[in-house]
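Here is how the chains run, residue by residue.
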Amino acid sequence: RYKIAMIYFITSSPSLWMDGAINPANDFLYNLQQVVKQPSKCIFVTTQPDDVAYSEHCSDCMRKAFEDVGFKFDSFKLLDRRTAPLAKEMVEESDFIILGGGHVPTQNAFLHDLNFDKLLKGYDGVLMGISAGSMNCARIVYALPEEASEVKDPKYKRFLQGLGITEVQIVPHYYMFKEAPKDGKHPFLDLAMPDSKNGYRFYAFPDGTYLMGRNGDEKIYGEFFLIENGVMRKVGENGQIMSLPFI
């Protein structure tokens with residue numbers, strides 16, 4: 001694992017609703033405003049590199065959400081399959097990188113195609129993950145199945161090699177996942193909790209909760225649940241800040 005020069009935000013979602021306004025809960029907006037250069041050069045890394053309409057929609061919505069709360073941009077570039085040959089140059093020129101949300105394995109494969117972990121070596125800007133983008137920040141990504149077909153597929157890989165920015169494996173959208181069984185399987189009771197018996201520790205984040213990492217120091221802001229040794233328990237509450245590691 002390389003030395004992390006960047007400041008990073010691992011979020012379930014930075015928004016109040018899908019494609020909506022930036023969520024200020026747990027000092028998220030304030031903490032971002034303190035560290036993101038203004039005006040900044042931003043790149044948005046899609047989860048669907050071959051779906052132009054989806055990628056442009058997500059990128060445009062995120063730019064608008066940030067501009068609506070006063071962020072200014074010199075540039076806001078979309079990193080998809082079309083711009084992939086320029087990825088190195090885009091990262092080197094940027095101050096702010098957003099890893100978009102969507103399908104975890106699809107974005108994971110794209111990040112490997114880009115050798116994105118190597119492009120981030122020495123990067124000293126700010127990086128923010130959204131849902132799938134946050135999950136792919138882990139050294140080992142825990143990719144809970146999102147589609148019913150993936151639950152049934154014996155070849156579907158729930159553990160993937162990630163960017164290695166953090167050891168924290170998050171499961172985003174806790175309250176949405178909690179009520180959304182896939183093909184008769186409950187994502188926590190039937191998948192995450194049994195998987196955690198193999199020495200893994202998963203962090204279930206509701207929207208509005210995030211991890212902030214800086215100079216080797218990681219803190220979780222807001223409510224979250226810990227899944228380990230086959231058990232889930234609530235650890236953090238909204239308004240709380242918890243430093244990692246903790247027991």
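Now for a look at the structure at hand.

1. Topic: the pattern of salt bridges
Argument step 1. In this structure the tally under the stated criterion is 16 salt bridges.
Argument step 2. A salt bridge links Asp-74 to Lys-41; the shortest N-O distance between them is 4.0 Å. Of the two residues, Asp-74 sits in strand β3 (residues 73–79) while Lys-41 sits in strand β2 (residues 40–45), which places them 33 residues apart along the sequence.
Argument step 3. Taken together, the shared-partner salt bridges connect Asp-50, Arg-81 and Asp-113 into one network.

2. Let's talk about the pairing of strand β12 (residues 224–228)
Argument step 1. With five of its five residues buried, β12 lies for the most part within the structure.
Argument step 2. Of the two faces of β12, the one holding Phe-224, Leu-226 and Glu-228 and the one holding Phe-225 and Ile-227 are both buried throughout.
Argument step 3. As defined by bridge partners, strand β9 (residues 201–204) adjoins β12 across four bridges and the pair is classed as antiparallel. Paired with Arg-201 across the two strands is Glu-228, which belongs to β12.
Argument step 4. Counted between consecutive antiparallel strands, the loop separating β12 from strand β13 (residues 231–236) contains two residues, among which Asn-229 sits at a positive phi close to 55 degrees.

3. Quick look at the layout of surface pockets
Argument step 1. Looking at the largest pocket, its volume works out to about 650 Å³.
Argument step 2. Along the walls of the largest pocket sit 33 residues, with Met-18, Gly-101, Gly-102, Ser-131 and His-173 positioned nearest its centre.
Argument step 3. It is helix α2 (residues 52–68) that contributes the most residues to the lining of the largest pocket, five residues altogether.
Argument step 4. Looking at the lining of the largest pocket residue by residue, the class counts come to 18 nonpolar, ten polar and five charged.
Argument step 5. In this structure, the second largest pocket encloses a volume near 250 Å³.

4. Focus: the sheet that holds strand β1 (residues 7–11)
Argument step 1. Strand order across the open sheet formed by eight strands is β3-β2-β4-β5-β1-β10-β11-β14, with mixed pairing between neighbours. Two strands bound the open sheet, and with one partner strand each, they are β3 and β14 (241–244). Strand-to-strand, the axes of this sheet are offset by a mean angle of 15 degrees, without reference to chain direction.
Argument step 2. As paired strands, strand β10 (residues 210–214) and strand β11 (residues 217–221) are joined by five bridges and run antiparallel to one another. When the sheet's bridge partners are listed, Arg-214 is paired in β11 with Asp-217.
Argument step 3. Packing against the sheet, α2 makes contact with β2, β3, β4 (96–99) and β5 (126–130), and its axis sits at approximately 155 degrees to β3.

5. So, the environment of Tyr-156
Argument step 1. Residue placement: Tyr-156 occurs in the loop between α7 (148–152) and β7 (159–161).
Argument step 2. Between the C-alpha atoms of Tyr-156 and Ser-243, which are 87 residues apart in sequence, the distance is 33 Å.
Argument step 3. Not counting the four nearest positions on each side in its chain, Tyr-156 is found in contact with Pro-105, Ala-143, Leu-144, Pro-145 and Glu-150.
Argument step 4. Of note is the side chain of Tyr-156, whose polar atom sits 3.1 Å from the backbone oxygen of Ala-143.

6. Brief notes about empty space enclosed by the protein
Argument step 1. Inspection of the entire model under this criterion finds one cavity of 30 Å³ or more.
Argument step 2. Considering the residues around the largest cavity, the lining is formed by Thr-11, Ser-13, Pro-14, Asn-23, Ala-25, Phe-28, Gly-208, Thr-209 and Tyr-210.

7. Some details on the environment of Leu-191
Argument step 1. Mapped onto the elements of the fold, Leu-191 is located in helix α9 (residues 187–195).
Argument step 2. For Leu-191, a relative accessible area of 8% translates into the label buried.
Argument step 3. In contact with Leu-191, other than residues within four places in its own chain, are Tyr-142, Leu-144, Pro-145, Arg-158 and His-186.

8. Some thoughts on helix α4 (residues 104–114)
Argument step 1. Of the residues making up α4, those classed as buried are Val-104, Gln-107, Asn-108, Phe-110, Leu-111 and Leu-114. Angular distribution of buried residues about the axis of α4 spans 165 degrees; they occupy a single face of the element.
Argument step 2. Once α4 finishes, Asn-115 follows within two positions and takes phi at roughly 50 degrees, a positive value.

Reading guide: rules and limits
- Residues numbered from 1 in each chain as written.
- Predicted model: local features only at pLDDT ≥ 70, side-chain atom pairs only at ≥ 80, totals over all residues.
- Heavy atoms only, no water.
- Salt bridge = Lys/Arg side-chain N within 4 Å of Asp/Glu carboxyl O.
- Helix = DSSP H or I, 4+ residues; strand = E, 2+ residues; numbered from the N terminus.
- Buried < 20%, exposed > 50% of the residue type's maximum accessible area, 1.4 Å probe, protein only.
- Pairing = 2+ DSSP bridges.
- 1 Å grid on protein atoms, 1.4 Å probe; cavity = no way out; pocket = protein on both sides within 12 Å on 5 of 7 lines; lining within 4 Å.
- Points joined across faces, edges and corners; volume = space filled by probe spheres on them.
- Nonpolar A, V, L, I, M, F, W, Y, C, P; charged D, E, K, R; others polar.
- Axes fitted to C-alpha atoms, helices over the stretch in contact; angles between N-to-C directions.
- Contact = heavy atoms within 4.5 Å.
- Polar contact = N/O pair within 3.5 Å; in protein donor to acceptor, adjacent residues only side chain to side chain.
- Arc of directions from axis to C-beta.

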